[in-house]
Amino acid sequence: MNENNIKFLNDIKVLDFTSHYSGDLSSMFLSDFGASVTKFVTKNKANFQSDLFWNRNKKIIKYSNTNDLNKSEIIKFINQSDVLIYDFQLNSNEYKSILSNIQKVNNKNLIICHISAFPKTSKFKDEPMIDEMVIARAGEMMILPGLGKPSPKFLMHPIASVGGGINSATAIISALISNMISIKQINNINSTLLGGLLLYASNPYQGDKWRDFGKPYGGAPFYSNYECADGFIQLACIGSKFAQNAAIAIDIPEVIIAPEFESIFYRPVKRDKENYINTATRLYDLIAISMKTKTCAEWSKIFEDADVPYNKVNSIEETINDEQILHNKLIFEENNKKRIGKFININSNNSNLNSSKIIRRKSFTLPLEGFKSIEITNIIAGPVAGRILSNLGVEAIKLEPPIGEISRPLDLGYFKNLNRNKKGISIDAKTDQGKKIIKKLVQNVDIFLENMRPGAADRVGLSAKDLKELNPTIIQTHIAAYGHDGPYVHRPGLDPIAQSITGLQHIQGGGKKPVFLPMLAPTDFTAGGMAALGTIVSLYNKIKNGTGSTVHTNLLAGGMLLNGKTISNYLINSHIPKFINENQNGISDFNRAYKCKDQWIYIYCNNIPDKEVIDLINKKFNLTINNSSDIEKLFLSYNSSDLIRNLSIHDIHMCVVTNPKEDNYDFLINPITLKMITNKNNHPSLISLEMAHNMYDLGLKNKKVINCPELGEHNNKFLKQLGYREEDILKMYKKKIIFKN
């Protein structure tokens, strides 16, 4: 993406003592926004590479051991810094040393962010920072789609680390803003890998009756990938219009009016899950026959002309040479090397207004209280960004058309989840009066957030130029599928398409058949998290300098961040990760799930040679194990508790793989995460609606979360704030300018 980001955090000094990828990403974002980042790395970390994208623009200092952390130079660094990030294990020597040094300095403005696997209040607080262990304990591993037999599936993409990195940077900048405008200060943050996972799994899989519907190829007939004559193509048709276009393009128009497929094209009020799956499978098989008759290039031309959301499923080599990826500078060349670019693009609006005097608030419950946003968002990415802002205290106003945004009529649990904690208004933007009201609203907010197709906002009088004229210091945040310009900008785009373009499906399939991650929606949630992060750093700039900003990110940027480590390895040594077996249970003998006599367990051992682990197993169980098959047979002959008791030693980590379907285990209300969720609401598609909320701990009291608003629920409130009288509002309802459910 654009390398000329404004350096909004150029007055901030950051110390990074982390060794885990989530910490690397957190300080990378801060560095991208202009902060001066000094990263401390132990000298025994032989594989450390300073030129990888997550270490860009950081000053690297190497130290030997914990004794080095006590040196006066370290204390001087701490005393002169604004932010300190670390991920030492609780009660380790390094942890104690860094806390001791912090206590020696008199830096009352220092924000300290500790990243751990689980919250400090959890019984698992001492567990090491291992993504796979968090995902296994959380139950996500058991509900991932994949190839082979039903079993825990290894997730190739580091969503817990990526989510944790986004969350940590978001919390840090929110604290910087709060401390700038408040008497009460936020000085301590606890961010976790669990919180990073909950950024994605925020609508709990345990409660959602449709959560496990996803197959390795997709979630619905026109929302799946298909094998062609020379590769695979992903379709992503949401709504009957796109599905009908696809059916006609594939030359099976008869299915549109066939009674047996009515539930595919015209969603009924109630759907029987089993019948729907059987019907969807029949239609999928019918489409699959047609798709094999043409090449990917032939289908691409057909779908392009028919305005059907599609893309070829890219290999890594195709990803790094994709024309839109290159246009966005997500891959760029420097010194004859291909590198990964920035994921969030921010430009200052260069307003000539002077910075307003900062008025310090005496008290607050959430760090971003007092700021307002208006959002025109739909599906996932946009609502995720708005939800993050609202959870941090922004008064979020969701503006919808007369029938609601595209997800509202579907009445699914994820819509209720992603739009909670917001206020709702419904206006017909095609009317002159509606446009006038929207412009007045824009004049009274700090943030404008949208994820429509590029150009859609312009058509209702909300172009970048319009917004700047209406509100010179407004923050404009735009989330697109492909970017705000470039070769694909005219195409409809959704998360499955971004997964296919950025190589996520190819890698998750182990380089064989692609595996689509439907309910996880990884590029949607990543882009939403990054949009919120970009918005918050722009808010920091607005307070400090009195200027507005324009934020751009997209689903492709989300996919490239998730696949960034894999792509980096490929660029260095052409390595592509492979699964250890056809059931996709892991990537090595000691980084995988095993079936035991009673249940599945996960074993992770990255610091001991495989031979030493095998020798230990042979000694403990008086056996002679030679290969993977022998290990599988051993594990099958013991209960999980016996294996964990005998093999869990230093550097060999094991845990039970939670199965939400069979264990009757409700992840979000167990003691691990009790404090990270909020209210349960009844909903037709759910057993219950439990929602992840506190993805990081800022040391503040929980505030009650309001439910997702009904369509137009808060029309009267905001119209009255704009000066409209009760009788004026009633007339607008009659003239169908504003709407209520």
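Every value quoted in this text rests on a predicted model; they were computed, and no experiment measured them.

**What to know about the overall build of the protein chain**
Each helix and strand counted, the protein chain has 29 helices and 25 strands in total. Scaling as 2.2 N^0.38, a compact globule of 741 residues should have a C-alpha radius of gyration of about 27 Å, and the protein chain matches this with 26 Å. Considered along the principal axes of its C-alpha atoms, the protein chain spans approximately 85 × 70 × 55 Å. Looking at the protein chain as a whole, 62% of its 741 residues qualify as buried. Nonlocal contacts in the protein chain, meaning residues at least 24 apart in sequence, comprise 75% of its contacts between residues at least 6 apart. For the protein chain, the exposed surface amounts to about 29,600 Å²; the carbon and sulfur share of it is 49%. Positive and negative side-chain charges in the protein chain, numbering 89 and 73 respectively, have mean positions lying 7 Å apart.

**Quick look at the packing of aromatic side chains**
Going through the model one piece at a time under the given rule, you end up with 19 aromatic pairs. With a centroid separation of 5.4 Å and 50° between ring planes, the pair formed by Phe118 and Phe124 is classed as tilted. Each of the two residues, Phe118 as well as Phe124, counts as buried. Both rings, one in Tyr482 and one in Tyr488, keep their centres 5.7 Å apart while their planes meet at 80°; by these two values the pair is edge-to-face. A relative accessible area of 2% means that Tyr482 is categorised as buried. Among the residues examined, Tyr488 registers a relative accessible area of 9% and is labelled buried. Within the aromatic cluster, the residues linked to one another by ring pairs are Phe17, Phe40, Phe77, Tyr86, Phe88 and Tyr95. Here the basic side chain of Arg491 rests over the ring of Tyr310, its NZ or CZ set 4.4 Å away from the ring centre. The lysine or arginine in question, Arg592, covers the ring of Tyr594, its NZ or CZ lying 3.8 Å from the ring centre.

**Here's the deal with helix 15 (residues 381–391)**
With 11 of its 11 residues buried, helix 15 lies for the most part within the structure. For helix 15, the complete set of buried residues consists of Ala381, Gly382, Pro383, Val384, Ala385, Gly386, Arg387, Ile388, Leu389, Ser390 and Asn391. Immediately downstream of helix 15, the backbone of Gly393 shows phi near 115°, a positive value.

**Overview of the nonpolar core**
The tendency in soluble globular proteins is for nonpolar side chains to be buried side by side. Within the largest apolar cluster, 128 residues are counted, with the highest numbers of intra-cluster contacts made by Phe29, Ile173, Ile177, Phe343 and Tyr602. Examining the composition of this core, we find that 13 residues originate from one element, helix 6 (residues 159–181), more than from any other. Counting residues in hydrophobic clusters, the runner-up holds 31 residues, among them Ala246, Ala247, Ala258 and Cys296.

**Things to note about the confidence of the model for the protein chain**
Parts of the model with low pLDDT should not have their predicted coordinates read in detail. Per-residue confidence for the protein chain gives a mean pLDDT of 90; residues scoring 70 or more make up 91%. Across residues 203–210, confidence stays below pLDDT 50; counting only partners more than four residues off in sequence or on other chains, it has 37 contacts. For the stretch residues 676–690, pLDDT sits under 50, and the model shows 62 contacts to residues farther than four places along the chain or on other chains.

**A short note on unusual backbone geometry**
Its identity as a non-glycine residue notwithstanding, Asn57 has a phi of 60°, on the positive side. Here Asn57 is to be found in the loop between strand 2 (36–42) and strand 3 (58–63). Taking relative accessible area as the criterion, Asn57 reaches 54% and is therefore assigned exposed.

**Remarks on the pattern of salt bridges**
Counted according to the given criterion, the structure contains 24 salt bridges. One salt bridge in this structure joins Asp32 and Arg56, with 2.8 Å as the shortest N-O distance. Of this pair, Asp32 sits in helix 1 (residues 21–32) while Arg56 sits in the loop between strand 2 and strand 3, and the two are 24 residues apart along the sequence. Both residues of the pair, Asp32 and Arg56, belong to the buried class. One continuous salt-bridge network, built from bridges that share partners, spans Asp16, Asp24 and Lys39.

**A word on the sheet that holds strand 9 (residues 310–312)**
Backbone hydrogen bonds hold the strands of a sheet together, and the pairing may be parallel or antiparallel. Taken together, the 3 strands give an open sheet; going across it, the order is 7-8-9, and neighbouring strands pair in antiparallel fashion. Only two strands of the sheet have a single partner each, and these edge strands are strand 7 (225–227) and strand 9. Averaged over all adjacent pairs, the angle separating strand axes in this sheet is 25°, with direction ignored. Where strand 7 and strand 8 (residues 232–235) come together, 3 bridges link them in antiparallel fashion. Residue pairing for strand 8: Glu227 is matched across the bridge by Phe232.

**Quick look at the sheet that holds strand 3**
With mixed pairing, 7 strands are arranged side by side in an open sheet as 3-2-1-4-5-6-25. Only two strands of the sheet have a single partner each, and these edge strands are strand 3 and strand 25 (696–697). Bridge count for strand 1 (residues 13–17) against strand 2 is 4 bridges, and the pairing is parallel. Its bridge partner lying in strand 2, Leu15 is registered against Thr38. Contacts from helix 3 (residues 93–104) reach strand 1, strand 4 (83–86) and strand 5 (111–116) within the one sheet, and its direction differs from that of strand 4 by about 170°.

**Structural notes on the pairing of strand 1**
Burial of strand 1 is extensive: 4 of the 5 residues sit out of reach of the surface. Pairing of strand 1 with strand 4, which is carried by 4 bridges, proceeds in the parallel orientation. Note on strand 4: the bridge partner recorded for Asp16 is Ile85.

**Concerning the pairing of strand 13 (residues 372–376)**
Buried residues dominate strand 13, accounting for 4 of its 5 residues. Tracing the backbone out of strand 13, into helix 15 and back to the parallel element strand 14 (residues 395–400) gives a crossover that is right-handed. Bridging between strand 13 and strand 16 (residues 447–450) involves 4 bridges; their strand directions are parallel. By the bridge assignment, Ile374 is partnered in strand 16 with Phe448.

**With respect to the environment of Asp272**
Along the polypeptide, Asp272 turns up in the loop between helix 10 (262–265) and helix 11 (273–291). Asp272 sits 162 residues away from Leu110 along the chain, and the two C-alpha atoms are 55 Å apart.

**Regarding helix 8 (residues 240–249)**
For helix 8, the set of buried residues is Phe242, Ala243, Ala246, Ala247 and Ala249. End-on, the buried residues of helix 8 take up no more than an arc of 165°, which puts them together on one face. Across from the buried face of helix 8, at angles greater than 90 degrees, the exposed residues are Lys241 and Ile248. Just past helix 8, the residue Asp251 takes up positive phi, approximately 70°.

**Regarding the packing of helix 25 (residues 610–621) against helix 27 (residues 640–647)**
At a minimum axis distance of 11 Å, the contact between helix 25 and helix 27 shows a crossing angle of 115°. Regarding the angle of helix 25 to helix 27, the classification is roughly perpendicular. Here the hand of the crossing between helix 25 and helix 27 comes out right-handed. Residues Leu616, Ile617, Lys620 and Phe621 of helix 25 form the contact with helix 27, whose participating residues are Leu643, Asn646 and Leu647. The class makeup of the residues in the contact of helix 25 with helix 27 is 5 nonpolar, 1 polar and 1 charged.

**Examining the side chain of Asn311**
In this structure, Asn311 sits in strand 9. Since its relative accessible area comes to 6%, Asn311 is described here as buried. Among the polar contacts listed, one links the side chain of Asn311 to the side chain of Arg491, at a separation of 2.9 Å. Setting aside anything within four residues of it in sequence, one finds Asn311 in contact with Phe232, Ile233, Gln234, Arg491, Ile497, Ser500 and Ile501.

The rules we used
Residues numbered from 1 in each chain as written. Predicted model: local features only at pLDDT ≥ 70, side-chain atom pairs only at ≥ 80, totals over all residues. Heavy atoms only, no water. Helix = DSSP H or I, 4+ residues; strand = E, 2+ residues; numbered from the N terminus. Rg over C-alpha atoms; globule rule 2.2 N^0.38 Å. Buried < 20%, exposed > 50% of the residue type's maximum accessible area, 1.4 Å probe, protein only. Contact = heavy atoms within 4.5 Å. Areas by Shrake-Rupley, 256 points an atom, 1.4 Å probe, with all protein chains shown as cover. Lys, Arg positive; Asp, Glu negative; His and termini not counted. Charge placed at Lys NZ, Arg CZ, Asp CG, Glu CD. Phe/Tyr/Trp six-rings, centres within 6.5 Å; stacked < 30°, edge-to-face > 60°. Lys NZ or Arg CZ within 6 Å of the ring centre and 35° of its normal. Core = buried A, V, L, I, M, F, W, Y, C linked by side-chain atoms within 4.5 Å. pLDDT = per-residue confidence, 0-100. Salt bridge = Lys/Arg side-chain N within 4 Å of Asp/Glu carboxyl O. Pairing = 2+ DSSP bridges. Axes fitted to C-alpha atoms, helices over the stretch in contact; angles between N-to-C directions. Right-handed = clockwise from strand over helix to strand, strands pointing away. Arc of directions from axis to C-beta. Parallel < 35°, antiparallel > 145°, perpendicular 65-115°, else oblique. Left-handed = near helix turned anticlockwise from the far one by under 90°. Nonpolar A, V, L, I, M, F, W, Y, C, P; charged D, E, K, R; others polar. Polar contact = N/O pair within 3.5 Å; in protein donor to acceptor, adjacent residues only side chain to side chain.

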